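Notes for the structure review
These are the residues of each chain, in order.
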Amino acid sequence: MNRSIRRVLHGAVLATALAAAAPQAFAATTAPQPPASSSSFGTPPAGYVHEQSFRGTAAACRAAGQAGIAEDKWTAYFCYQALPFTPFQELYVKK
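The rules behind these values
- Residues numbered from 1 in each chain as written.
- Predicted model: local features only at pLDDT ≥ 70, side-chain atom pairs only at ≥ 80, totals over all residues.
- Heavy atoms only, no water.
- Buried < 20%, exposed > 50% of the residue type's maximum accessible area, 1.4 Å probe, protein only.
- Helix = DSSP H or I, 4+ residues; strand = E, 2+ residues; numbered from the N terminus.
- Core = buried A, V, L, I, M, F, W, Y, C linked by side-chain atoms within 4.5 Å.
- Expected span 1.5 Å × (residues − 1).
- Arc of directions from axis to C-beta.
- Contact = heavy atoms within 4.5 Å.
- pLDDT = per-residue confidence, 0-100.

Details of the pairing of strand 3 (residues 76-80)
- Most of strand 3 is tucked away: five of the five residues are buried.
- The alternating pattern of strand 3 places A76, F78 and Y80 on one face and Y77 and C79 on the opposite face, and all of these are buried.

Below, the structure written as structure tokens:
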């Protein structure tokens, strides 16, 4: 096996591993899943706004969402993975 084929094979294995481990969108029990019509990038469902101060992983998004509810900053939230193959999620809140 030559060097270029080995690199492609390693890249494919890495991409597959990252795709399998990528966090999925999380919905809080107090917030509905975004409707199918609003699944395009940057389009929140009715009543939800993008929380600009947050950028992080799924676990950090859930923690920030729960903390905001506990501090009465918003009434509901959901985390959305806008781009595939990335560990980062976006936080949408309902005030």
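Details of the nonpolar core
- By size, the foremost hydrophobic cluster in this structure holds seven residues: F54, C61, W74, Y77, C79, L91 and V93.
- Those elements that provide at least two residues to this core are strand 3 and strand 4 (90-94).
- With six residues, the next largest nonpolar core counts Y48, A76, Y80 and A82 among its residues.

Let's talk about helix 2 (residues 58-70)
- End to end, helix 2 covers 18 Å across 13 residues, agreeing with the expected 18 Å (1.5 Å per residue, within 8%).
- Along helix 2, the residues classified as buried are A58, C61, G65 and G68. On an axial view of helix 2, the arc spanned by its buried residues comes to 90°, and they lie on one face.
- Structurally, helix 2 contributes buried residues whose contacts are with strand 3 and strand 4.
- Two residues or fewer past helix 2, D72 is found with a positive phi of approximately 60°.

What to know about the confidence of the model for the protein chain
- Scored by pLDDT, the protein chain has a mean of 73; 57% of the residues are at 70 or more.
- When mean pLDDT is compared element by element in the protein chain, helix 2 scores highest at 94, while strand 1 (residues 26-27) scores lowest at 42.

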